[in-house]
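Architecture at a glance
Here are the chains, one letter per residue:
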Amino acid sequence: MRRSQISKHGVVVIGAGLAGLSCARDLVAGGADVIVLEARDRPGGRVVQTQLEDGRLVQLGGELTGSFQTAYRGLVEELGLTLEPAFPSVPGEDTYVLAEGRFVGDGFPWMTDEDRASYDRAEKAFRELADTVDPDDPWAHPEAERLDRLSVGAWMRDAGATPNAVRARELASLALSCESVERTSLLSDLRKEATAGGEGFYDYERWERDRVAEGSGTVPLRLAEEVGAARLRYATAVERISVGSSDCNVVARNGECFRCDAVVSALPVGPLRDVHVEGVSAERMASLRRQRHALAAKAVLVYPASFWEGQGQNGTLYSETGLIGGTWPQVDGVLSTLVPPERLAPLLATPAELTEAELTEEMAGGFGEGARLTQGFFLRRWGLDPWTQGYITSWRPGDVMAVGPLHGSHEPPFYVCGSDQWVCGYMEGAVRTGRAAAAAALAGR
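Residues numbered from 1 in each chain as written. Predicted model: local features only at pLDDT ≥ 70, side-chain atom pairs only at ≥ 80, totals over all residues. Heavy atoms only, no water.

**Some thoughts on helix α11 (residues 282-290)**
Put simply, the rule is: Exposure classes here rest on a 1.4 Å probe applied to the protein chains alone. A residue is buried below 20% of its type maximum, exposed above 50%, and partly exposed in between. Helix and strand labels come from DSSP, where a helix needs a run of H or I of at least four residues and a strand needs a run of E of at least two; each type is numbered from the N terminus. The arc in question is the one traced by the directions running from the helix axis out to the C-beta atoms. Here, two residues are considered to be in contact whenever any of their heavy atoms come within 4.5 Å of each other.
For α11, the set of buried residues is R284, M285, S287 and L288. Down the axis of α11, the sector holding all buried residues measures 160°, keeping them to one side. What points out from α11, more than 90 degrees from its buried face, is the exposed set A282 and E283. The secondary structure elements touched by the buried residues of α11 are α10 (269-273), β14 (276-278), α14 (399-403) and β22 (414-416).

So this is what it looks like as structure tokens:
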């Protein structure tokens, strides 16, 4: 039955992921009358965890942070949580499962010396080019149009990189599940690395060196506690937003209407396309709707202990074959894996009763017989989740210029936040933009 009741609030925040909760927390602290509408029956969005019987926490979504991601790290500290070293500090060597076989070793053990030298030259050129990009205004770069039209793969070949050097970057993209280097804008990658300090290609030590000791899924749970249960409405999906100069209206699918002075959309860009928005300029909506998500899935396999370490492997794997793009270890005995966009369709074509067995078999190809002795298996098809419709932000050639300088901006009393509204789709972007949206809305009062 559809309800017809109307309630009045100062600010309606749509979405109770990291962005929406970070925003709502600051709004409440600033004295605003806030209500948060969330389609799911829980907080956290793409950051969620489960606990095993033995007490180990398993992260089913976002997990990791880097030293330059100050907004997320600052929030973790405010919430009384702690950071600890993550998988880049684990001893052992990387594993590569390629068409020609398995290789274990650091420094691309499957490459020739010529390939490695070519890769190093390409990384040096990339670093120098990233130094010329302002991450806050990449559109102002004198060659922005050209850099955005180029894919990372095409740029590397133009720069003289060997096929194996390009292949190494493709393996890294598969592991990150952010789409192929052949479908990734060079300008978007330059902007991303300029944000991290511009030291070269994506490096785990810079981007993913730490994790929350109490579990990343604890962060949204703590945020929800501070926002308060009375301000959180779960199972309340939004279908319409009407923005006006005197007041705004947010209508839920169940017919409830929430009248307010300001609206904050903390929805990922995919679900936001399913919401009818009125009163926001065509230019702003076009920019929002042009953004993309990489459609990916995450699987987690649980073992009694990290058996791979006894084999000299660190748990980090890059796969050129099968469904898995890459793996990394969480806590002891727990391995995360991502199924990249290029392999999501084959995953979906796999009968549900075969999925665990087939992914386990792939893990055995990289880590040996011990990988078959699983204690648990979890799968989140984030690309199909109706309230996410993706995993991380994807920028294809031409997208940075098409989205334009309106990316991440506000049109009061309509504000936006979320990992998509930052440089790339990570937890730092959610917290950074969520808190910025709250500050802007409070200033606009």
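**Considerations on helix α15 (residues 427-444)**
Rule in force here: A helix is expected to span 1.5 Å for every residue after the first.
An ideal rise of 1.5 Å per residue puts 26 Å on 18 residues; α15 measures up with 26 Å between its terminal C-alpha atoms. Looking at α15, one finds that the buried residues are M427, E428, G429, A430, V431, T433, G434, A437, A438 and A441. Packing partners of the buried residues in α15 comprise α1 (18-29), β5 (64-65), α2 (70-78), β13 (257-265) and β22.

**Re the side chain of K298**
Which entries qualify depends on this criterion: Definition of a polar contact: a pair of N or O atoms within 3.5 Å, with one able to donate and the other able to accept a hydrogen when the atoms are protein atoms, and with sequence-neighbouring residues admitted only if both atoms are side-chain atoms.
Tracing the chain through its elements places K298 in strand β16 (residues 297-302). Of the polar contacts made by the side chain of K298, one reaches the side chain of E63; its length is 2.6 Å.

**Topic: the nonpolar core**
For soluble globular proteins, nonpolar side chains are generally found buried alongside one another. The condition that has to hold: Remark: nonpolar core denotes a set of buried residues (Ala, Val, Leu, Ile, Met, Phe, Trp, Tyr, Cys) joined through side-chain atoms within 4.5 Å.
Membership of the largest hydrophobic core comes to 62 residues, with the highest contact counts inside it found for W110, M156, L186 and L190. The greatest single-element share of this core, amounting to six residues, is contributed by helix α6 (residues 163-176). Not counting residues up to four positions away in its chain, the partners in contact with L190 are F126, L129, A130, V133 and L147.

**Brief notes about the pairing of strand β7 (residues 93-98)**
Counted only if it meets this: Should DSSP find at least two bridges between two strands, the strands are taken to pair.
Counting buried positions along β7 gives five out of six residues, so the element sits mostly inside the fold. Relative to strand β8 (residues 101-104), β7 runs antiparallel, the two sharing four bridges. Its bridge partner being in β8, L98 is matched across the sheet by G101.

**Some details on the pairing of strand β18 (residues 326-329)**
Both faces of β18 are covered, namely the face carrying G326 and W328 and the face carrying T327 and P329. Pairing of strand β17 (residues 313-319) with β18, which is carried by two bridges, proceeds in the antiparallel orientation. Across the sheet, residue Y318 finds its bridge partner in β18, namely G326. Connecting the antiparallel pair β17 and β18 is a turn made up of six residues, with G322 showing a positive phi of about 75°. Sheet topology places β18 next to strand β19 (residues 334-339); four bridges connect them, and they run antiparallel. Note that in β19 the partner of T327 across the bridge is T337.

**Observations concerning the pattern of salt bridges**
Definition in use: Salt bridges are identified by distance alone: a Lys or Arg side-chain nitrogen within 4 Å of an Asp or Glu carboxyl oxygen.
Across all of its chains, the model carries 30 salt bridges by this definition. Here E78 ties to R435 by a salt bridge, and the two come within 3.0 Å at their closest N and O atoms. You can see E78 sitting in helix α2 and its partner R435 sitting in helix α15, a full 357 residues away along the chain. With a relative accessible area of 43%, E78 lands in the partly exposed category. Of the charged contacts in the structure, one is a salt bridge between D210 and R209, with a shortest N-O distance of 3.8 Å. The exposure class of D210 is buried, given its relative accessible area of 7%. Accessibility expressed as a relative area gives 34% for R209, which makes it partly exposed. Overlapping salt bridges bring together R25, D26, E78, E226 and R435 as one network.

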